[in-house]
Amino acid sequence: MAFCAAAATSALHSDVQRRSFIHPRDVLRCRLSRRHTEQGWLKLTTTPCSSRNRLKMSAAQIETAQEGDAHNETLASATSAKSTTRCGFVALLGASNSGKSTLLNQLIGQKIAIVTPKVQTTRCRVLGILSNAAMPRHSDAEKGNGGGHDKVQIIFQDTPGVFQNAHSRMDRAMVASAWHSGHDADLIALVIDAAQIAHDTLVKESSDLFAILKALAKMYGRAKESKTKPLVLVLNKTDLLTDAQLEAVRDSVKSAITTASSEHEDQAVLLRAAAAGAGATYVDDIIRSFSVSALKGSGCDELVRVLAAQMPRGPYLFPEDFPTDMPMRSVAAEVTREKLMLLLKQELPYAVAVETVDFKERDDGSFAIRQNILVERNSQKLIVVGKSGAMIKKLGIAAREEMQAMLDAKVHLFLDVKVKRDWKESKQFYDSWGLAYDG
C-alpha cells in the first residue's frame with residue numbers, strides 16, 4: 001500500500017477536499033470510523049479557522065465521534081506536565097533512492113509507501129503512524145508518574161527525493177513538498193545512501209546529498225537556538241558495507257557537513273543539530289549517526305528508541321490502530337501505479353498517473369474498483385495496453401492481487417487507459433496529492 005498525503009490529510013476525490021502543506025500541529029484530534037466508504041477510511045474536509053486551516057470532521061464522523069467523548073477528554077489531559085504520552089512528526093528527508101520509503105515501511109511494520117528501483121517513485125508526502133513505541137523514563141519523578149515508560153506516537157512523513165535541477169512543475173512541487181515537511185516536522189531524519197558514498201569514496205559536491213546538506217545548513221543557520229530542531233543522520237544500506245567502509249563513510253559525511261556549512265558564521269550548526277538528534281552533547285571530533293538496513297531491519301529498533309525520546313509531550317493525534325491517514329481509493333491508485341512503474345520501462349512511468357474514479361463495497365463483501373490510467377500520448381497508451389491487451393491484463397492481475405490481500409476481500413478491478421495530454425498541468429491532481437501547484 002502506498003499513501004501520498006499532506007500531513008494528517010486525506011486525498012481528495014469528488015466532495016473530499018484537501019489543502020497543501022497543512023501544518024502538522026493543525027490536526028484536529030478526533031475519533032474516526034474505520035468503516036469502508038466510497039471515499040475511504042478517513043473523510044476529512046478543510047475549512048478556514050482563524051488564520052489557519054484546521055481539519056474538521058464530516059457530519060457522519062461527528063455522529064460517530066460522540067460515543068468517544070469520554071475517551072477524548074481523557075486524551076486531552078495528556079497535555080499536562082504529568083503526561084505519559086508523547087507525539088510528534090518526523091520528516092524522512094533525503095536524495096532519491098536513499099531508501100526513505102523502504103525505511104518507512106520497516107519502521108511501521110507494514111507496507112505504507114510504494115517502493116521501486118526507479119528514482120522519484122514517491123510523488124508527495126506519505127504519512128506513516130507508529131503508535132505505542134515505548135520510551136523508558138529515567139528520573140524518579142517520571143517513574144513515579146504511573147509506570148516506567150512513556151507511550152509515544154511517531155508520525156513519519158516520507159517525502160519525495162530532493163534533487164537538483166527541478167525544472168518541470170511537478171518536479172518543483174515534489175521538491176517543495178519535501179522541504180515543507182522538513183520545516184513543519186519536530187525532527188528531521190536525513191536518510192543517506194551509505195553504499196553510494198562508499199562506491200564514490202566521498203560525498204561529491206555535485207551530488208544531491210551535498211546540495212541537501214547546504215540547504216539544511218542554511219535552514220539551521222537561520223533558526224534561533226531555542227527553535228532548532230534535532231537532526232538525525234541515518235546511514236542506510238549499511239548491510240552492504242564492511243566495518244572499514246562504514247567508518248570511511250562516516251568520515252566522508254562529516255567532511256561534507258563541514259564543507260556544506262563553511263559559508264555560515266556558525267560552521268558547526270549541522271554537527272550540533274546532529275548531536276542533539278542523537279540525544280548527546282556536540283563533540284567536535286565525533287560524527288553521530290545511526291547505521292541501519294531499511295531492507296533487513298537492522299538498527300531500526302535503536303533508531304525508533306532515539307526518535308521516540310525526541311518527541312514532545314502531548315496526546316496522540318491519531319487512533320492507535322491507524323498506520324496511515326490515507327483513504328482507500330488513493331491507496332488503490334498507488335498500488336496500481338507501483339505495478340505500472342515495475343512493469344514499464346525507461347521514462348514511461350513518469351508520464352503516467354492513476355486515479356480511482358469509483359470505489360464501492362458490494363453486498364457480497366467484495367469491492368468494485370474503477371480506475372483511469374492517464375498517459376500523455378496515444379503511443380504511450382498502446383504501450384500500457386500492450387499487444388492484444390497483454391500488458392494491461394498483467395497489470396490488472398498484479399494490482400488486484402495486492403488489493404485483495406490488503407482488503408482481505410475479493411476485488412473486481414476495472415482499468416481504463418485514457419490520453420490526457422496536460423494532466424501534469426492540471427491543478428486537480430496537485431490538490432489531490434497535497435502538492436503546491438505553484439511550488
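Residues numbered from 1 in each chain as written. Predicted model: local features only at pLDDT ≥ 70, side-chain atom pairs only at ≥ 80, totals over all residues. Heavy atoms only, no water.

Colleague: Account for the environment of Lys254, naming residues and giving values.
Modeller: The topology assignment puts Lys254 in helix H8 (residues 243-260). The class of Lys254 is partly exposed, set by a relative accessible area of 22%. For Lys254 and Ser289, which are 35 residues apart along the polypeptide, the C-alpha to C-alpha distance reads 9.8 Å. (Helix = DSSP H or I, 4+ residues; strand = E, 2+ residues; numbered from the N terminus. Buried < 20%, exposed > 50% of the residue type's maximum accessible area, 1.4 Å probe, protein only.)

Colleague: Kindly report on the sheet that holds strand E9 (residues 353-361), identifying the contributing residues and their values.
Modeller: Taken together, the three strands give an open sheet; going across it, the order is E9-E10-E11, and neighbouring strands pair in mixed fashion. A strand with exactly one partner marks an edge of an open sheet, and here the two such strands are E9 and strand E11 (411-419). The mean angle between the axes of side-by-side strands here comes to 15°, regardless of whether they run parallel or antiparallel. Strand direction decides the pairing type here: E9 and strand E10 (residues 367-375), joined by eight bridges, are antiparallel. Its bridge partner being in E10, Val354 is matched across the sheet by Ile373. Contacts from helix H11 (residues 328-343) reach E9, E10 and E11 within the one sheet, and its direction differs from that of E9 by about 135°. Packed onto the sheet, helix H12 (residues 378-385) meets E10 and E11 and runs at close to 155° relative to E11. (Pairing = 2+ DSSP bridges. Axes fitted to C-alpha atoms, helices over the stretch in contact; angles between N-to-C directions. Contact = heavy atoms within 4.5 Å.)

Colleague: I'd love a proper account of the pairing of strand E7 (residues 231-236), names of residues and values included.
Modeller: The element E7 is largely enclosed, with a buried count of six among its six residues. Side chains Leu231, Leu233 and Leu235 of E7 all project onto a buried face; the interleaved residues Val232, Val234 and Asn236 project onto the opposite face, where all are buried too. Pairing of strand E6 (residues 187-193) with E7, which is carried by six bridges, proceeds in the parallel orientation. Across the sheet, the residue bridging to Leu190 is Leu233, located in E7. Pairing analysis gives two bridges linking E7 to strand E8 (residues 290-291), with the strands arranged parallel. By the bridge assignment for E8, Val234 is matched with Phe290.

Colleague: Could you give me a rundown of unusual backbone geometry, with the residues and numbers involved?
Modeller: For Asn165, which is not glycine, the phi dihedral falls at a positive 55°. Structurally, Asn165 can be placed in the loop between strand E5 (149-158) and helix H5 (169-184). Asn165 gets classed as exposed once you look at its relative accessible area, which sits at 62%. Unusually for a residue other than glycine, Asp408 sits at a positive phi of about 55°. Within the secondary structure, Asp408 is located in the loop between helix H13 (390-407) and E11.

Colleague: Explain the side chain of Lys100 to me, and be specific about the residues and the numbers.
Modeller: You can see Lys100 is positioned in helix H3 (residues 100-108). In this structure Lys100 is buried but unpaired, with Asp158 as the nearest side chain of opposite charge at 5.3 Å. In terms of polar contacts, Lys100 uses its side chain to reach the backbone carbonyl oxygen of Ala95, at 3.0 Å. If we ignore the near neighbours within four places in the chain, the residues touching Lys100 are Leu92, Leu93, Gly94, Ala95, Asp158, Thr159, Pro160, Gly161 and Val191. (Lys, Arg positive; Asp, Glu negative; His and termini not counted. Salt bridge = Lys/Arg side-chain N within 4 Å of Asp/Glu carboxyl O. Polar contact = N/O pair within 3.5 Å; in protein donor to acceptor, adjacent residues only side chain to side chain.)

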